[in-house]
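Structure at a glance
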Amino acid sequence: MVTLLDPSVQRQPPKPARTSAGWANADTAAGGGPGWNAAARSRVGGTGIRRIPVDDLSAGNQLEWSPNRGERSNAAHEQADTKETAAGRAIVLLPEGLDVDRPIDVLLHLHGYTDRAGDPAAGWRQARTPVTKDQRAYKPVRDVDQDRILAQVHTVTKSNPQTLGILPQGVGHSHFGKNFVPGGYVNEVIRRLEEIKELPAPKSGSLAVNLILSAHSGGGHTVRKALAAELAQAKADTRAAAKAKRAGREPPAPTAQPGAAGGTGGRVAPVLNPVQVVLFEAINNARELTTVRDWVYLHLNRTRAALDAETNPILKAWIIIGCPTLRAYRSATNGMYATLYRDLTIAIDRWFTDPSLGGQLEPGAKQLLRDRFRVEVLHGVVSQPGGLSGHEQVVAGLGTPEQGPLADALAARSDPSASNLLKGPPRGSQAAPGNPKAPGPKKAPKQKKAPKQKKAAAAGSARADQPPTGSGAAASTGAAAAVGAPAITFGRRARRDTVAASTLTVLAQILTTAGIGSATISSTARTPPDQARAMYANLVGTGANQGVAKQRALYGSAGDKIIDEFERLRDEGGAPAEIQAGMVARIESIGPGKVSKHLADPATLNVLDIAPTSLGGSTAIARFEAAAEALVGTQVSRLLTPGGGDPAEHLEIKPAGDGVVGATDAPAGQGGSAGRKPAKRPVAEKAPEKRLVGARAKNPAGEKITALAPEKVRTPTPDAGAQASTTATTAEAGSGTGSAETKAWILDVTRTTLERLPKKERERYEQIPWNDLDYPGASFRIEDTSAENLLAWRSKPGYEVFDVTKKTKKGEVVTWYVRGTHQKDAAALLRALSARRPGGGERRVNTGPNAILTKAQFRADPDAFDDYIISQLVDPPGEKKAGTRKMINKHASPQFVAMREAAAKDGVSLSIGNAFRERKRAETAAKKKGNRFSTASYSPHSLGLALDLNLRTKSLKDVDEVTTRMTNTMKLLGAPAYKWMFEHGADFGFFQYRNEPWHWEYNPSGFGATFWADQPGLAP
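This section reports on the structure supplied with the text. Each chain carries its own residue numbering, running from 1 in the written order of its sequence. Only residues with pLDDT of 70 or above have their local features reported here, since the model is predicted, and side-chain atom pairs are shown and tallied only from 80 upward, although totals for entire chains, interfaces and linings are computed over all residues. Only hydrogens and water are set aside when side-chain values are computed; all heavy atoms of the structure are taken into account.

On to the side chain of Asn846, then. In this text, helices come from DSSP runs of H or I with a minimum length of four residues, and strands from runs of E with a minimum of two, each type numbered from the N-terminal end. Structurally, Asn846 can be placed in the loop between helix H22 (823-836) and helix H23 (855-858). Non-local contacts of Asn846, meaning those with residues more than four positions away in its chain, are made with Ala851, Leu853, Thr854, Lys855, Tyr938, Ser939, Pro940 and Leu943. The contact criterion used throughout is that any non-hydrogen atoms of two residues lie within 4.5 Å.

Next comes the structure, spelled out in structure tokens:
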């Protein structure tokens, strides 16, 4: 008989905390099993994981039973399922070998509802009787059998023990406490584990923790709150930075970023944002869908902004590695989850196709990022008559534990691009929602167990002696986020230009997994002379793997022929240069690619030799080899080690999308297979085919995907907005390489941009007798409106008198003005020059199709937009500080500096006269000017994206950067700074407002996503 308790009953008065693992009064009845929650159990199911019931937790749920009193949801249903109460309890999954002094991935997994008659389990509490479904009886605790959580975690921890599972016990509708804070909860669990002697204290006093936030079903309610808190904090950080800037202080550091975090006061930082979110049918309504989507966009936009600001391919690769991951799984059953998960997929796909978001990313980077955000349909996971519903099977999945969705998610922490082993069609071939009959692939072949790494680093750990404490936009996976990416350097003869960024990403991943902070690449792709030199050095050397005999054991038949040539020429008394020349001739006659894979085409295969001495001692080298060997057959094509006869750690990696950094500089005609003999050592069997890191998705256009090389600033053609045919990197454009004629034209103040117009058009504009009031929109109010004075103005050539009538309470009021008769000609001239400007015409930041923020959008929340805009301002290096007057957007600043330096090489000085203008000041200026074409009340200057450049020079003194005199404007068309910008400004992302030669706005293609990256929820 079940005794019903009042569901509002809280925990009993505090009792002394237990000094050993296990829940007080746990069920040990024979009918319910052997007391799963009464004490800790080691090696559960042969997994090497210790299952530890923990109680007396002061964080999280503090209710014994569900607080619901409805007919369908109430405590009676929980009490019918289990004898065990829930307050202050959790289950911990502790792998053997976990090292608290190394970074740890904490899997915080939240269960679904527990108080409905149809719920098969009351969380992690032991069932009164085993659940019987699908013609089998499940073990009485859900995590061990029904969800297979231990078995799936073990697929990762068997080779890398640095993943700790924490399963909070909740009640009712997935209630885990009113103010469930992931960081605080993890800290409390760690505290209790130390108290009951299940976990030692870290030497440093704090733990480096990466949070994996996971949930099934109603657990998504709590995930939504955690993600919403992160989004709110991002907004608060933006406002705090804006306030600090206004006060002239340094902006405070962001409260938290994804990545490893150490504690302050506790073992773990209280604000702990997830590096991965895993959702098992845990998006339950539109509100949760919106929050998940906004979280995804927050990190995609941040990553996009960081990529846009970086040109170093190694750092670009690490920026992508630092982006959090999402894995969302649903069953193949129709219904609410099918719709919500489909909508999430559509939202993610939209980001990668929308040009204003991620659509302009280069393909290699785009694929790497897309792999980090996956929504998967578990085909075959459907409701069965008399069995578990598809919803209740979504955590466990089908097939072996390696084929389970949780195992897939955990594997994505170290390799988001790998093809999954999920039971059903491979990734990328999702059937329509709710189609349970989609065909599945053949059973995946078994994988040989990866070599066990004792105390190996977590996926994403950093140096063993330097646990991380934080992270940033360019963070690496896990702990490397805080200490920076492993330092990868190139030896004197190693060619950087032949190594793809995706290859460097794989190498960095290996180093991170091995806990190694740096490595030196001693050799990459070689030319025949390079190969001859390297072989000669190893043939005459006396090292452990050098000498003729050792080298013959290393090379194949083609390589042996080169060694034969070496011996022949050496025995004939040839000098080193003669011997190497003979070896080069022999290499070329045989075919370079047959001799060594170092001579292969780097567009299809990257070959790296890593200097063993750069990795550290023998222990570090062993960790490196184990980490690399674990990727053989997936991301690494081949591994040769000094123990296998190679003088270096030799890696062969296929570049993503067959592209390399600087591929155009790679040696031509170097293809074919290599002649090196593989090392005689055991390696892992080839795993089921996996997609290489950065490998491209199906590409109908068949375009070549280049790895993360410096991106080019692409600009639209005039009028159409299409991409211009000419592009340039910021490092190349306008760097003093223009023709001598162009430079002479730029520096000659008597020559103007009218020379860029067709001859007839130019001559027409040159013949117009311009006056000051011909400037578009300029006018002068006539104070003396007597008939004589108005007649005098009408008789002046080139001027036109007009009146404006306004109705007032006192009657009609007529005001008289005068303007130039050639204003339409002036507007046509400025339009024509804009159309002729290299890189395209206008790209206004506050109006038109490329606007970052329009006036109408701005009016929705002026204060919030002002705060954000101010938070993005910086002082451009090298410019005289003038309060906020010369400050510009942080993304525009480095481009302006690069542009200024490039102009200086051509003898042109660029400097800022005015930049940022606060909204109220802009409104005041607009009223004073009285010209709607000159200064707007909502100005591009108010966005921090507009520059007014100083155009005056010693030879051009009688001009000013004002918008009321056309004669002044015509002179400025000859200013060297303006002409240089006319030719090169678009190369750096700056576009002129056509009516003002001095006014340039930073708005390169796709800049919208970058601008809003720090607060995507504010973007219009």
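Within strand S8 (residues 274-280), seven of the seven residues are buried, which leaves it mostly tucked inside the rest of the structure. Note on pairing: DSSP must find at least two bridges between two strands before they are called paired. As paired strands, strand S7 (residues 209-216) and S8 are joined by six bridges and run parallel to one another. Across the sheet, Ile212 pairs through a bridge with Gln276, a residue of S8. Pairing analysis gives five bridges linking S8 to strand S9 (residues 325-331), with the strands arranged parallel. Note that in S9 the partner of Gln276 across the bridge is Thr325. Type-normalised accessible area, obtained with a 1.4 Å probe on protein chains alone, sets the label of each residue: buried when under 20%, exposed when over 50%, and partly exposed for intermediate values.

Here Asp147 shows up in the loop between strand S5 (136-137) and helix H2 (149-157). Pairs of N or O atoms within 3.5 Å make up the polar contacts considered here, provided that, within protein, one atom can donate a hydrogen while the other can accept it, and that residues adjacent in sequence are counted only when both atoms are side-chain atoms. Of the polar contacts made by the side chain of Asp147, one reaches the side chain of Arg142; its length is 2.9 Å. Aside from chain neighbours lying at most four places away, what touches Asp147 is Trp124, Arg142, Gln152, Glu392, Val395 and Ala396.

Mapped onto the elements of the fold, Asn187 is located in helix H3 (residues 182-195). Taking C-alpha positions, Asn187 is 5.9 Å from Arg267, a pair spaced 80 residues apart along the chain. Apart from residues no more than four positions distant in its own chain, Asn187 is found in contact with Gly266, Arg267 and Val268.

Attention now moves to the pairing of strand S13 (residues 606-610). Judged by how many residues are buried, S13 sits mostly within the fold: five of five residues are covered. Burial of the side chains of S13 extends over both faces: Asn606, Leu608 and Ile610 are buried on one face and Val607 and Asp609 on the other. Sheet topology places strand S12 (residues 518-523) next to S13; two bridges connect them, and they run antiparallel. Looking at the pairing, Ile521 lines up with Ile610 of S13. Where S13 meets strand S15 (residues 649-653), five bridges bridge the pair, whose relative direction is antiparallel. Following the sheet pairing, Val607 is matched in S15 by Glu652.

Another aspect to go through is the sheet that holds strand S24 (residues 999-1002). In spatial order, the strands read S21-S22-S24-S23; together these four strands make up an open sheet with antiparallel pairing. Bordering the open sheet on either side are strand S21 (912-914) and strand S23 (990-992), each of which pairs with just one other strand. Averaged over all adjacent pairs, the angle separating strand axes in this sheet is 45 degrees, with direction ignored. Relative to strand S22 (residues 946-949), S21 runs antiparallel, the two being bridged by two bridges. Its bridge partner being in S22, Asn914 is matched across the sheet by Asp948. Angles run from 0 to 180 degrees between N-to-C directions of axes, and those axes are lines fitted to C-alpha atoms, restricted for helices to the stretch in contact. Where helix H25 (residues 892-905) meets the sheet, its contacts fall on S21, S22, S23 and S24, and the angle it forms with S23 comes to roughly 80 degrees. Packed onto the sheet, helix H28 (residues 976-984) meets S22, S23 and S24 and runs at close to 35 degrees relative to S24.

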